[in-house]
Amino acid sequence: EAGDPLDIDRACFEPDSYVQKLLKDCSLNELFRHEEAKKKEIQELDSNMQYLVYENHSKFIKASETIREMKDDFQRLEDDMNRLTSCMGDISQSSASINEVLADRKKQISQLCGVHHLLKKLQFLFELPARLKKCIEMGFHGQAVHTYTKAHHVLEQFKHMSSFLNIQRECVSIVCELKSILRKKLDDEESTTADIAETVDLLLELKEPPNHLCQQFLANARQNLEKDLDTAQKLQQEEESQDVMKFVGQLCTGFLANLSLVIQSCYDMFIARTDGKEPGMAEEAQQVLTDFVQSVMSDCLQAVEERLKKETIQLDSAMLVRALDKITGKLQVIDQLLPSAGTSSSSQDLVRNIALLHTKFHIQCLKQSFTDTLMSVRVALATSKSTSPIHGLSLGEQCTLLYSCVKNGMESSLNNVKEFIKPTVGFSLMMRTFRVEFCLEYVRKGIVMDLIEFVLDTAKTFTEPSKECGQLSYPPTLILTLSRLLHNMERTSISYLVSYGDEKFPPDEHGPVVATPTAEVLRRAGQEAQTLLNHYVAVQGRIISQMIRKGLDARDWLSTIEPRSVRSVMKRVVEEVSTIDQQVGSLYEEGHRKDQGSEGSRQTYSYSLNQGKGYPYSSTMDSSLLSNIQKLFYERIEVFGRVEYSKLSILTGIIKIFLKAFIECVRLKTFGKFGLQQVQVDSHYLQIYLWRYVSDEQLSCAVKASPLHTHTHTHTAL
């Protein structure tokens, strides 16, 4: 491939063409600068070339010296190898000559060693009875058994010889005595589980029947395990305030550790042993061991559950979870040693039962806390006067206090029981379905939803018919406060509480959060809030109605004097309505008023009151026309309608009820001239002061018109 002839780094570079191009394209100053640049490049290239030549020369000199040294070393090594080869040849010749000289002696020495070894065996056999007796006297039973089993086959092989036969008989007699000692040790109540296992192993080496030994071994082990369990329980009873971790720790290091040793020993001695085992022995021993473990574990789990139940009535879950985690970890080890015993399923049932009891205790505490708070609010409301703050708290603050009791209590309980599903808890990781069951059933349903349902049920009790018989045992303001509480819960609080529980307790730690259905409980909360509000309106209306009825019943309306002022009962009615207005206003907003010529109506009534004397309407007015006009207003008023969540709607409902009662009481009375005028004065007084509390102007007009409509004919005749 042809290159650029003007490229100075190419082999095809043409200097003349390059110079001609520079002279043609560059100015004089550019040529000077180009010359300076080329000089610098040439100097750098010369310097680099000198450095490379020097470096290569140095490396060449070092390589030459190294080669010279290696040549000298190889020469010395070659001389040393020649001398070594000569020495090895001399040594081989010397060894061959020595072997020829000592061959006969070596053979004699080998024969003598064999004879010596045989004599040592014979000496061991002749000394065997004495050795066995000495080991038994010193208590080295294991060494005695191992010594006998090592010589037993030789004695059996040479028992036809009289000398060996006598040794065998003497050894058998000593071994029988040893067996008797081991059986006594096996039955000794002071023997530990490890001692029993060692004794049984020695008896098995002495060819004792495995079936009988297995049963006896487990029977003795049961006694020791029962002692361990009784010790833990007695110590717990002596120290009622003992930490549960001490109880669990003692149980793990005592009972469960010994049980693990029993299982392992029984497996090694009767199940895994292959020498001299009868057919089917392993399966039989496995079944006997399984039944034994299930029996003793039943007693242990019962004791553990009884102790942990005492811990479930503590709000703090950390200690309970630690104890439960430690005990289940030890039970898991036992399950790995003997899966057929079903210890794993028993430990899972224990965890579920304790978790369920603990969450039930938490919901009971939450319910009791709400009940106590509600009772304190009830007492404070009952002992308070008017709308004065109750221990510094208004009705709105009392409502907040009730909700705070629910919210703070639930958050505290959920944070406590979250210990059960922490990543560090072993049983939560081993039990695949526990987390799902605990989160969905025990917490979300058992605590969150149950507490919300309890609040709704408690509030519902204040609207039951049985509560309305006789005088109320609770203040009406309590019903009003509960209605606001449930209304707030329907709007925001229930959603917050449920979502808080959902976020804290997801069934899948790494999966999406599954929301708990809330449509039904929200619907019920709204329904109960509306029922409470309607009940409050009915109760307050009934109280004021009774006040009005008693005021009407206490006077003789045919012989009363000419009215000079409004009756005191009407003033009390207005004061009561004003008090209710302040109470409701601390919980609910104002609401919207229906403006239908209300300003004109109020001006008309005010003018009639200021300009006229006595009853504002003329006695000569056409009673038929007046009755029809008045009837048009008040018959359109619905007394027992749905109450909205606003101050105007609530007060309108109360006023409707006691005005209806007022009208009915007036309708049932017979009035004289001054009596009717007194009723008209009272009605006008109510109309003046009650219009601001109602949402419908027609109701305000009907306040004054109704008594006139009821007794128009009577007034005309009189």
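The text that follows walks through the structure, step by step, so that each part is easy to find. Note that the structure is predicted; figures quoted are calculated from it, not measured. (Residues numbered from 1 in each chain as written. Predicted model: local features only at pLDDT ≥ 70, side-chain atom pairs only at ≥ 80, totals over all residues. Heavy atoms only, no water.)

1. Some words on the side chain of Asp-682
In this fold, Asp-682 is placed in helix α20 (residues 673-690). For Asp-682, a relative accessible area of 0% corresponds to the buried category. In this view, Asp-682 contacts Val-566, Arg-567 and Met-570; residues no more than four positions away in its chain are not counted. (Helix = DSSP H or I, 4+ residues; strand = E, 2+ residues; numbered from the N terminus. Buried < 20%, exposed > 50% of the residue type's maximum accessible area, 1.4 Å probe, protein only. Contact = heavy atoms within 4.5 Å.)

2. Side note on the nonpolar core
Formed by 152 residues in total, the largest nonpolar core has its most connected members in Phe-255, Leu-259, Phe-292, Phe-438, Leu-485, Ile-650 and Phe-658. The leading source of residues in this core is helix α7 (residues 244-271), at 15 residues. Excluding residues within four positions of it along the chain, Phe-255 makes contact with Leu-225, Asp-228, Leu-229, Gln-250, Val-296, Met-297 and Cys-300. (Core = buried A, V, L, I, M, F, W, Y, C linked by side-chain atoms within 4.5 Å.)

3. Re a nonpolar patch on the surface
A cluster of nonpolar residues, Met-81, Leu-84, Met-88 and Ile-91, forms a patch on the protein surface that exposes about 410 Å² of accessible area. With respect to the helices, strands and loops of the structure, Met-88 is situated in helix α2 (residues 28-138). (Patch = residues over 30% accessible without salt bridge, like charges linked within 9 Å, V, L, I, M, F, W, Y side chains within 5 Å. Areas by Shrake-Rupley, 256 points an atom, 1.4 Å probe, with all protein chains shown as cover. Salt bridge = Lys/Arg side-chain N within 4 Å of Asp/Glu carboxyl O.)

4. Thoughts on the packing of helix α13 (residues 434-460) against helix α15 (residues 519-553)
One way to put it is that α13 packs onto α15 with a least axis distance of 10 Å and a crossing angle of 20 degrees. Our classification of the angle between α13 and α15 gives roughly parallel. The element α13 and its partner α15 pack so that their crossing is left-handed. Only Val-521, Arg-524, Ala-525, Glu-528 and Leu-532 of α15 make contact with α13, whose side of the interface consists of Met-449, Ile-452, Glu-453, Leu-456, Asp-457, Ala-459 and Lys-460. (Axes fitted to C-alpha atoms, helices over the stretch in contact; angles between N-to-C directions. Parallel < 35°, antiparallel > 145°, perpendicular 65-115°, else oblique. Left-handed = near helix turned anticlockwise from the far one by under 90°.)

5. Here we look at the pattern of salt bridges
Using the criterion set out here, one finds 24 salt bridges in the structure. The residue Glu-41 makes a salt bridge to Lys-38 at a minimum N-O spacing of 3.7 Å. Linking Glu-41 with Lys-38, this pair stays in helix α2, spanning three residues, or about one helical turn. Given the relative accessible area of 41%, Glu-41 is considered partly exposed. Between Lys-407 and Glu-411 there is a salt bridge whose closest N-O contact spans 3.2 Å. Of this pair, Lys-407 and Glu-411 are both found in helix α11 (residues 395-417), four residues apart, which corresponds to roughly one turn of the helix. Lys-407 sits in the partly exposed class, given a relative accessible area of 22%. Look at Glu-411 and you get buried, because its relative accessible area is 16%. Each of Glu-453, Asp-457, Arg-524 and Glu-528 takes part in a single network of salt bridges with overlapping partners.

What is shown is where atoms sit, not what they do.
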